[in-house]
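Coordinate analysis (summary)
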Amino acid sequence: MNAKLRSTSSVVVVLVLVLAGALVQSFGGNAAAQSNSEGTLQGTWRVQINPINCQTGAPLPSFSALVSYARGGTLTEVVNAAAFLPGQVTPGLGVWSHTQANAYKAVWEVFILFDTPPAVPGFPFKRGVQRLMRDIEVHGDQMTFNATSQFLDPDGNPFIPARNTCASGTGTRFEDVGSED
């Protein structure tokens, strides 16, 4: 009985190791290189955003972000924008989809947690939600996009007067640096 238990345990351990190896290979491994070779949006990108006032065309300060487009159509974005005070905005969460050829669409939201104090110069953000929409074209390890954003009150209603921005930008795929064995 003891020998049979050891034999069964050995088979179970081998199966678990084989399945674990297959999962690591399909979900981990060299995910950036797999996305890169497919020319898809999936993966993490360093992006540079160049916003403008939609009504006047006046440029607003540029900023950078990291955006991860996950398998299954979800996205996460973290911005590095001096326009927001520390802790004023949450990371963005949303969805993306393939539209045709090398074109994609994405929409996500961030929470603006508090009003910009009146004494702080710049764009006076109000507590609520910023909804962002982006049309993206991918060319290998590079992307270009056009975007709009809309600012909403905490109940999801547009601010009056409207507080919208437009933007264009570029992105570069965040590459896997490899592992040092």
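One structure accompanies this document, and this report is about it.

Thoughts on a nonpolar patch on the surface
Taken together, the side chains of Phe111, Leu113 and Phe114 make up a nonpolar region of the molecular surface, amounting to roughly 290 Å² of accessible area. Residue position: Phe111 is located in strand S5 (residues 103–112).

Quick word on the pairing of S5
As paired elements, strand S4 (residues 92–100) and S5 share 7 bridges and run antiparallel to each other. Note on S5: the bridge partner recorded for Leu93 is Glu109. Where S4 folds back onto S5 in an antiparallel hairpin, the turn is made up of 2 residues, including Ala101, whose phi is positive at roughly 40°. Sheet topology note: the S5/strand S6 (residues 128–139) ladder contains 10 bridges and is antiparallel. When the bridges of S6 are listed, Val107 appears paired with Met133.

Let's talk about the pattern of salt bridges
Enumeration according to the criterion identifies 5 salt bridges in this entry. Among the ionic pairs, Glu77 bridges to Arg134, the shortest N-O distance being 3.7 Å. Linking Glu77 in strand S3 (residues 74–80) with Arg134 in strand S6, this pair joins segments that are 57 residues apart in sequence. For the residue pair Glu77 and Arg134, the accessibility class agrees, reading buried in each case. For Asp135, the salt bridge is made with Lys105, and the minimal N-O distance between the two is 2.5 Å.

The rules behind each value
Residues numbered from 1 in each chain as written. Predicted model: local features only at pLDDT ≥ 70, side-chain atom pairs only at ≥ 80, totals over all residues. Heavy atoms only, no water. Patch = residues over 30% accessible without salt bridge, like charges linked within 9 Å, V, L, I, M, F, W, Y side chains within 5 Å. Areas by Shrake-Rupley, 256 points an atom, 1.4 Å probe, with all protein chains shown as cover. Salt bridge = Lys/Arg side-chain N within 4 Å of Asp/Glu carboxyl O. Helix = DSSP H or I, 4+ residues; strand = E, 2+ residues; numbered from the N terminus. Pairing = 2+ DSSP bridges. Buried < 20%, exposed > 50% of the residue type's maximum accessible area, 1.4 Å probe, protein only.

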